[in-house]
Amino acid sequence: FKRSKTRQHHKPPSPPGFPIIGNLHQLGELHHQSLWKLSKKYGPVMLLKLGKVPMVILSSSETARQALKDHDLSCCSRPSLVGHRALSYNHRDIAFSPYNDYWKEVRKLAVQELFSTKHVNSIQPIKDEEVKKLIDLISESASQKTSVNLSKEFLTLNVSVVCRAAFGVSFDGSNEKINKLIREAFEMLGSFSASDYNSYIGWIIDWFTGLQGRRERIVRDLDGFYEQMIDLHNNQEKEQGSEDFLDMLLRLEKEEAILGKDKLTRNHTKAILMNILLGGIDSSAITMTWAMAELMRNPRAMKKVQSEIRNQMGNKSMISLDDVDQLHYLKMVIKETWRLHPTAPLLVPREVMSEFEINGYTIQPKTRLHVNIWAIGRDPDSWKDPEEFLPERFMDSNIDTKGLNFELLPFGSGRRSCPAMYMGTTMVEFGLANLLNHFDWNLPEGMVVEDIDTEESPGLTISKKNELILFPVKYFHH
Ligand code: HEM
């Protein structure tokens, strides 16, 4: 008895659940918030049962470090979830692929060809043009004294940049449909599907709640969109040396290239397009919207960031990527935005491959693992006055967002961290710097600072639920 007891696994604490559903009912609409509340009672390593599936939630920087650094290799696979599977053509993408040779090679290819500093800098002219277009559009609103829906405009800006940069395709004027499709896809990806927790009756529940139908429609619409992009591509005359990322994928497809053990097919190409489309557009747009919302809620920080930009840039009509490097307060504003509003609050779920321990608790293979970076950003052990938006907290600190400071992980950490950190960060910094330079921003008539809410809409990524609508006033340098 003594021997069997010492061999017993030490399970993390769990909130009590119900038979069959386990803790599913405790997830609420905004999972990260419900899990944050539960973690205050059950601690930074918590085990939940979703149906039969064990899920561990880590809610402190220290436990995140243990998982993502010390045991990264034991937990860097992804679970096979119904929604992810459908959107990724059976995990043929980068983000939802399990840890295998295909994933290693396709990620390496994307890092070299698309996300490298060299490539990101080479697409700067596209960003310049698209940001200029947005400035012109907002200037028009300023002169007409009409409002601008920043949530929508940031999404449109990022659709244009990403589609032009990665696929060489412009969708001027037809972005509305894509914007909606992307948002719906993320909501679907973040919703917990019953089929993932009960393989016998789950699909009936999903069918009954309409999730299955919605999923099928989104997958069909996105597929149509990729086809459209590929067609446009095939019909374009390309000059030599002007191959973009999609050209390269189509070429590799033709050459029947092998990545890991997989021969690259049309479905692989589409799955990779999905990652770029969903990963690339939504996250930057969401961050830009939250940053503007927080600056509007904190006029002192708004004044300070605008003074920095305007004093340092003089009357430059366009702030370049190099200029942005000198804008230290702007960078602090963006870090503070990511602390309070991380794009993917629970990161992308991981799956444990081999047993390891965190804080003395055993984490078993096949467990789903989430790191609640939303909770970590509000942890009073890591942050003083965590609810306050205070960019100055980064003034004398070395904390950055590259995945080595576990109290701030907007891009995750370890093998599965975001491969497009540089691309995402530069997009956010560049876009915000220019808009803050060119315009002052007012609230709609009758609205006061306290009326700007921070309600979130659910999903794998959390956008601002109520759109941010502001009145621009053109700023002229004296
Ligand atoms: C502000 C911008 C961005 C933020 C905050 C962000 C955040 C994240 C996060 C939190 C993850 C999951 C990390 C984990 O599970 O540990 C991730 C993964 C990923 N992101 Fe980003 N991202 C951004 C921009 C982009 C862009 C521009 C692209 C592509 C064009 C992109 C493509 C990806 C891909 C492919 C993965 C999956 C990596 C893997 O599983 O190996 N992201 N991102």
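Conventions and cut-offs
Residues numbered from 1 in each chain as written. Predicted model: local features only at pLDDT ≥ 70, side-chain atom pairs only at ≥ 80, totals over all residues. Heavy atoms only, no water. UniProt positions renumbered as here; feature names shortened; annotations may be inferred. Disulfide = S-S within 2.5 Å. Buried < 20%, exposed > 50% of the residue type's maximum accessible area, 1.4 Å probe, protein only. Donors = N, O, S within 2.8 Å, 3.2 Å for Na, K, Ca; no water. Helix = DSSP H or I, 4+ residues; strand = E, 2+ residues; numbered from the N terminus. Contact = heavy atoms within 4.5 Å. Expected span 1.5 Å × (residues − 1). Arc of directions from axis to C-beta. Salt bridge = Lys/Arg side-chain N within 4 Å of Asp/Glu carboxyl O. Pairing = 2+ DSSP bridges. Axes fitted to C-alpha atoms, helices over the stretch in contact; angles between N-to-C directions.

The UniProt entry for the protein chain carries the following text under Cofactor (unreviewed entry): "heme".

Trainee: How would you sum up the state of the cysteines? Please name residues and give values.
Mentor: Among covalent bonds in proteins, the disulfide is the one between the sulfur atoms of two cysteines. The final tally for this structure, using the stated rule, is zero disulfides. With no disulfide of its own, Cys163 lies 17 Å from the sulfur of Cys418, the closest cysteine sulfur. When its relative accessible area of 0% is taken as the criterion, Cys163 is described as buried.

Trainee: An account of the coordination of the iron atom of the ligand is requested, with residue identities and associated values reported.
Mentor: Each pair of donors in an ideal four-coordinate tetrahedral metal site encloses 109.5 degrees, whereas pairs in an ideal six-coordinate octahedral site enclose 90 or 180 degrees. Looking at the protein side alone, the iron atom of the ligand has one donor only, Cys418 (SG), at 2.3 Å. Relative to the assigned elements, Cys418 resides in the loop between helix H17 (373-376) and helix H18 (421-438).

Trainee: An account of the UniProt feature "binding site: heme" (unreviewed entry) in the protein chain is requested, with residue identities and associated values reported.
Mentor: Per the UniProt annotation, the sites labelled "binding site: heme" (unreviewed entry) are Cys418. Each residue touching Cys418, except ones within four places of it in the same chain, is listed here: Arg107 and Phe411.

Trainee: Explain helix H5 (residues 101-113) to me, using residue names and the numbers behind them.
Mentor: The end-to-end C-alpha distance of H5, which contains 13 residues, comes to 18 Å, matching closely the 18 Å that a straight helix rising 1.5 Å per residue would cover. For H5, every residue scored as buried is listed here: Tyr102, Trp103, Val106, Arg107, Leu109 and Ala110. For H5, the arc enclosing every buried residue in end-on projection is 160°, short of the 170-degree limit, so these residues lie on one face. Looking at the buried positions of H5, the neighbouring elements they touch are helix H12 (245-254), strand S4 (258-259), strand S5 (262-263) and helix H13 (266-297).

Trainee: Now, about the pattern of salt bridges: what can you tell me, with residues and values included?
Mentor: Scanning all chains against the criterion turns up 33 salt bridges. Between Glu62 and Arg65 there is a salt bridge, and its shortest N-O distance comes to 2.8 Å. On the criterion of helical spacing, the pair formed by Glu62 and Arg65 is a turn pair, its members being three residues apart in helix H3 (residues 61-70). Assessed through its relative accessible area of 37%, Glu62 is described here as partly exposed. The partly exposed category is assigned to Arg65, whose relative accessible area is 25%. Close ionic contact of Glu227 with Lys270 constitutes a salt bridge, the shortest N to O distance being 2.7 Å. Highlighted residues: Glu227 in helix H11 (residues 211-234) and Lys270 in helix H13, separated in sequence by 43 residues.

Trainee: So what's going on with the UniProt feature "transmembrane region" (unreviewed entry) in the protein chain? Which residues, and what values?
Mentor: In this structure's numbering, the residues bearing the UniProt feature "transmembrane region" (unreviewed entry) are residues 272-293. With 100% helix and 0% strand, residues 272-293 has its two end C-alpha atoms placed 32 Å apart.

Trainee: How would you summarise the sheet that holds strand S10 (residues 439-442) if you had to cite specific residues and measurements?
Mentor: Sheet strands pair by backbone hydrogen bonding; their relative direction is either parallel or antiparallel. Taken together, the three strands give an open sheet; going across it, the order is S3-S13-S10, and neighbouring strands pair in antiparallel fashion. Edge positions in the open sheet fall to strand S3 (148-149) and S10, since each of these has one partner strand only. In this sheet, strand S13 (residues 469-474) lies alongside S10 in antiparallel orientation, the contact comprising four bridges. Along S13, the bridge assignment pairs Trp441 with Pro472. Running over the sheet, helix H7 (residues 124-144) touches S3, S10 and S13 and is turned about 90° from S13.

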